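Structural overview
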Amino acid sequence: MNEFISKMDVYIQKELKEKTLRIALLTFLLILPGIMLKALVLLFLSSSLIVYDIRHQKAELLYIMPFSRKELFIYNIIFFTFLVIITSSITALFIGGSFIIKLKIIAESLILLFAIFGLQMIFSGFELDSLAWSFLVTFLDVLFGSIGSSNIQSAIFNPYSLISFTRQGNMILALIFSLILLYLGYWSYVIKGGEN
C-alpha cells in the first residue's frame, strides 16, 4: 500500500509540474455552479493528464518509469475524484441548502467525471482523438437527454433521460451508466492494451 501511495505521489507531482497552469485554471472553473459548465470543464480537465500523454505519444515514457497502465488509470481517477469532491464541496457551501442538496451537487459532479473520463479512456484505447470524440458523445448525451421528460408517467417520457450523465433524470441509473463507461474505459486502456 505504501508503495502504491508513493508511486502515485511521484506520478501526480510529475504531472502537476508539467501541467500546473492548465490544471489550476480548470480546477478553479470546477468551483462554478452549473452542470453544463462542469461537463465542459471536466472534458478539458480529464484530458490533461494520462489522456494528454497518450494523445501526444508521451505515455510510453511513463511505462518505462515504471508505471503500469492499470496504475496510471487508477492514479488518474483517484486524483480527479479528489479534485471533484473538493471543488463540488466548495460549490455546495456557496449554494447553501440542506445536507442532501450538498451531497447531490457532489454526486452529480462525480457522475459526470466517471462518464467523461471513461469516454476519454475508451477513445484513447482505440487510438482516437479522445477529446473530440468525448465532446461529441457528451453533446449527444445533452441533446438526447434533454428531449422529453424524465417523469415515467409523462406522455413525453424519455427513457434515456434517466441514464443520461448530463441530465441525470435518475441519479442511481445515471451513476450505473457512468460506472459502466468508466469500466469500459478501463477495459479499453488496460485490458485491451495488453495488461492483466
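Calculation notes
- Residues numbered from 1 in each chain as written.
- Predicted model: local features only at pLDDT ≥ 70, side-chain atom pairs only at ≥ 80, totals over all residues.
- Heavy atoms only, no water.
- Helix = DSSP H or I, 4+ residues; strand = E, 2+ residues; numbered from the N terminus.
- Axes fitted to C-alpha atoms, helices over the stretch in contact; angles between N-to-C directions.
- Parallel < 35°, antiparallel > 145°, perpendicular 65-115°, else oblique.
- Contact = heavy atoms within 4.5 Å.
- Nonpolar A, V, L, I, M, F, W, Y, C, P; charged D, E, K, R; others polar.
- Polar contact = N/O pair within 3.5 Å; in protein donor to acceptor, adjacent residues only side chain to side chain.
- Core = buried A, V, L, I, M, F, W, Y, C linked by side-chain atoms within 4.5 Å.
- Buried < 20%, exposed > 50% of the residue type's maximum accessible area, 1.4 Å probe, protein only.
- Expected span 1.5 Å × (residues − 1).
- Arc of directions from axis to C-beta.
- Phe/Tyr/Trp six-rings, centres within 6.5 Å; stacked < 30°, edge-to-face > 60°.
- Lys NZ or Arg CZ within 6 Å of the ring centre and 35° of its normal.

1. Observations concerning unusual backbone geometry
Its identity as a non-glycine residue notwithstanding, Glu127 has a phi of 55 degrees, on the positive side. Inspection of the secondary structure assignment puts Glu127 in the loop between helix H7 (99–125) and helix H8 (130–146). Even without a glycine there, the phi angle at Gln168 is positive, about 50 degrees. Topologically, Gln168 is positioned in the loop between helix H9 (160–163) and helix H10 (171–191).

2. Details of the packing of helix H1 (residues 2–18) against helix H6 (residues 69–95)
With their axes 10 Å apart at the nearest point, H1 and H6 run at an angle of 70 degrees to one another. Between H1 and H6, the angle falls in the class roughly perpendicular. Contact with H1, carried on its side by Phe4, Lys7, Met8, Tyr11, Ile12 and Leu16, involves Glu71, Leu72, Ile74, Tyr75, Asn76, Ile78 and Phe79 of H6 and no other residues of that element. A per-class count over the contact of H1 with H6 returns ten nonpolar, one polar and two charged.

3. Overview of the side chain of Thr166
Its location among the elements puts Thr166 in the loop between H9 and H10. Of note is the side chain of Thr166, whose polar atom sits 2.5 Å from the side chain of Asp141. Polar contacts involving the side chain of Thr166 include one to the side chain of Ser164, which spans 3.3 Å. With near-sequence residues (within four places) excluded, Thr166 lies in contact with Ile35, Met36, Leu112, Thr138, Asp141 and Val142.

4. A short note on the nonpolar core
Grouped together as the largest cluster of nonpolar side chains are 45 residues, with contacts concentrated most on Tyr11, Ile50, Leu113 and Phe117. Elements supplying a minimum of two residues to this core: H1, helix H2 (20–30), helix H3 (35–45), helix H4 (50–55), H6, H7 and H10. Of the residues forming this core, the biggest block, 13 residues, is contributed by H7. Discounting chain neighbours no more than four positions away, the residues touching Tyr11 are Leu49, Ile50, Leu62, Phe67, Leu72, Tyr75 and Asn76.

5. Points about H7
For H7, spanning 27 residues, the distance from its first C-alpha to its last is 39 Å, which sits close to the expected 39 Å at 1.5 Å a residue. Here H7 lies mainly inside the structure; 19 of its 27 residues are buried. Backbone geometry just after H7 places Glu127 at a positive phi near 55 degrees.

6. Details of H8
Its 17 residues give H8 an end-to-end C-alpha distance of 24 Å, which sits within 8% of 24 Å, the value for a rise of 1.5 Å per residue. Among the residues of H8, Ser130, Leu131, Ser134, Thr138, Asp141 and Gly145 are the ones counted as buried. For H8, the arc enclosing every buried residue in end-on projection is 90 degrees, short of the 170-degree limit, so these residues lie on one face. Buried-residue contacts for H8 involve H3, H4, H7 and H9. Immediately downstream of H8, the backbone of Gly148 shows phi near 70 degrees, a positive value.

7. Some details on the packing of aromatic side chains
Per the stated rule, a full pass over the model turns up eleven aromatic pairs. Ring centres 5.8 Å apart and planes at 35 degrees place the aromatic pair Tyr11 and Tyr75 in the tilted group. A residue pair is termed long-range when its members are at least 10 positions apart, and Tyr11 in helix H1 and Tyr75 in helix H6 qualify at 64 residues. The same class applies to Tyr11 as to Tyr75, namely buried. An angle of 55 degrees between the planes, with centres 5.8 Å apart, marks the rings of Phe79 and Phe80 as tilted. Accessibility classification places Phe79 together with Phe80 in one group, the buried group. Ring-pair connections join several aromatic residues into one group, and the members of that group are Phe73, Phe79, Phe80, Phe117, Tyr183 and Tyr186. Of note, Lys192 hangs over the ring of Phe126, and the distance from its end group to the ring centre comes to 4.6 Å.

Interpretation note: all reported values are geometric properties and have no functional meaning in isolation.
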